[in-house]
Amino acid sequence: MCDLLARWSECSNSTFKALVNSSPFMETILVENEVQQEVKLLDAINDDHEGVIVELNKPINSDDFASMLRASIAQWRKQGKRGVWIKVPIELVNLVEAAVKERFWYHHAEPKHLMLIYWIPECTHTLPANASHRVGVCAFVMNEKREVLVVQEKTGILRGTGVWKFPTGVVEEGEHICDAVVREVKEETDIDTKFIEVLAFRQSHKAFFEKSDLSFICLLQPLSFNIQKQESEIDAAQWMSLDEYVAQPFVQTSELLKYIFDLCLAKIDKTYSGFSPVLTTSNISNENGYLYLNSRDLRSQ
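Since we're looking at a predicted model, the values are computed, not measured.

A.B. asks: What should I look at first to understand the packing of aromatic side chains in this one?
C.D. replies: Each pair of aromatic rings is reported with the distance of its centres and the angle of its planes. The full count for this structure, using the stated rule, is 8 aromatic pairs. Ring geometry for F166 and Y245: centres 4.7 Å apart, planes at 15 degrees, overall stacked. Of this pair, F166 sits in the loop between β9 (147-153) and β10 (168-170) while Y245 sits in helix α5 (residues 242-246), and the two are 79 residues apart along the sequence. Among the aromatic residues, those joined into a cluster by ring pairs are F140, F166, Y245 and F261.

A.B. asks: Quick question: what am I supposed to make of the nonpolar core here?
C.D. replies: Grouped together as the largest cluster of nonpolar side chains are 26 residues, with contacts concentrated most on L56, F65, I86 and F104. Counting residues per element, the ones that place at least two in this core are β4 (52-55), α2 (62-78), β5 (83-89), α3 (96-101) and β7 (113-119). Here this core gets 7 residues from one element, more than from any other, and that element is α2. For F104, the contacting residues outside a window of four places in its chain are L69, I73, V84, I86, A99, L116, I117 and Y118. With 22 residues, the next largest nonpolar core counts F166, L242, V251 and L263 among its residues.

A.B. asks: Explanation requested: the sheet that holds strand β12 (residues 212-222) in the structure shown.
C.D. replies: Hydrogen bonds between backbone groups are what pair the strands of a sheet, and the pairing can be parallel or antiparallel. In spatial order, the strands read β10-β8-β12-β11; together these 4 strands make up an open sheet with mixed pairing. Single-partner strands in this sheet number two, and they are β10 and β11 (193-204). Adjacent strand axes in the sheet meet at a mean angle of 25 degrees when their direction is disregarded. Note that β11 and β12 share 10 bridges and pair antiparallel. Among the inter-strand pairings, F195 is bridged to a residue of β12, identified as L220. Strands β8 (133-141), β10, β11 and β12 of the sheet are contacted by helix α4 (residues 177-189), whose axis makes an angle of about 60 degrees with β8. Running over the sheet, helix α7 (residues 255-268) touches β8, β11 and β12 and is turned about 145 degrees from β11.

A.B. asks: Would you take a moment to explain α4 for this structure?
C.D. replies: Since the α-helix advances by 3.6 residues per turn, residues separated by three or four positions end up pointing in the same direction. Here α4 is 13 residues long and its end C-alpha atoms lie 18 Å apart, about the 18 Å a rise of 1.5 Å per residue gives. Listed as buried for α4 are I177, C178, A180, V181, R183, E184, V185, E188 and T189. Within two residues after α4, D190 carries a phi angle of roughly 65 degrees, on the positive side.

A.B. asks: What is the right way to look at the pattern of salt bridges in this model?
C.D. replies: Between side chains of opposite charge, a pair can form as their charged atoms come close. Overall, the coordinates contain 15 salt bridges when judged by the stated rule. A salt bridge links K101 to E97, with the shortest nitrogen-to-oxygen separation between them at 3.5 Å. Of the two residues, K101 and E97 are both situated in helix α3; the distance of 4 residues between them amounts to about one turn of the helix. There is no split in this pair, since K101 and E97 are both exposed. Taking the shortest distance from any N to any O, the salt bridge between K229 and E231 comes out at 3.0 Å. By relative accessible area, E231 is classed as partly exposed at 48%. Taken together, the salt bridges that share partners define one network made up of E172, E175, R183, E184 and E187.

A.B. asks: Got a minute to help me understand the confidence of the model for the protein in this structure?
C.D. replies: Any segment with low pLDDT has predicted coordinates that should not be analysed in fine detail. Overall, the predicted model of the protein reaches an average pLDDT of 87, with 87% of residues at or above 70. Throughout residues 4-24 the model reports pLDDT below 50, and contacts reaching past four residues in sequence, or to other chains, amount to 16 contacts.

Conventions used here
- Residues numbered from 1 in each chain as written.
- Predicted model: local features only at pLDDT ≥ 70, side-chain atom pairs only at ≥ 80, totals over all residues.
- Heavy atoms only, no water.
- Phe/Tyr/Trp six-rings, centres within 6.5 Å; stacked < 30°, edge-to-face > 60°.
- Helix = DSSP H or I, 4+ residues; strand = E, 2+ residues; numbered from the N terminus.
- Core = buried A, V, L, I, M, F, W, Y, C linked by side-chain atoms within 4.5 Å.
- Buried < 20%, exposed > 50% of the residue type's maximum accessible area, 1.4 Å probe, protein only.
- Contact = heavy atoms within 4.5 Å.
- Pairing = 2+ DSSP bridges.
- Axes fitted to C-alpha atoms, helices over the stretch in contact; angles between N-to-C directions.
- Expected span 1.5 Å × (residues − 1).
- Salt bridge = Lys/Arg side-chain N within 4 Å of Asp/Glu carboxyl O.
- pLDDT = per-residue confidence, 0-100.

Quick look at the structure:
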């Protein structure tokens, strides 16, 4: 009898191992009551860094999801996978707790989804961090009278201070810097412009929600001149002489603004060359993008 039980046990273990390794779609696991149970794996695609990406798109019970997730991780571990990315749409937010209990953590959130990540190997993870910077633009627009386009904001730290400033804004997702600054000027003042150059850029840290900030100071040529301020965000807008702008106490006491004003004047006097956009393609993504370069010095070589 003992020999019979031993042979049965050995056969049972062999069957269990065979089932575990037999199918890419089902994982055989041993649950708490030691009953073998087949669990469907999560649908996933391989990424370019020995990891997998899961995009959830169907309603599922959180307990069933937890079982599928554990089984999937076991399968991915045997396959030598590293990072796991799970995209959770907002309508399936009930699954987040189950994933966090399996040691997933937040990577980033968008209006319609949350991205969770997990690192399988027993070593320090090499998953890329969430986006670290916000990109802003600042517009220097001057007419033939050597007047600059300035605004007073209804919101923000300068609201109610009477400070006149250059139009500014934030680059939207998928938007080029040269397009963003033209859009911002149009939205705030209704002035049509042509992008000329990036004159300079500034990096700062711990800005909006502790993110770093890149701000590009851009030269634009005005194509229209009648101002119509944006009612929702702009308190006032006008063309202002250079002397009047720089005489503001707020500008006089700001090292940054004085630098910006000086380089703008240098550009006007044709002694300073900024960076012009050149449309290029990449053999990695095949997407069009702009390379910003000093075209004047490039042409002189």
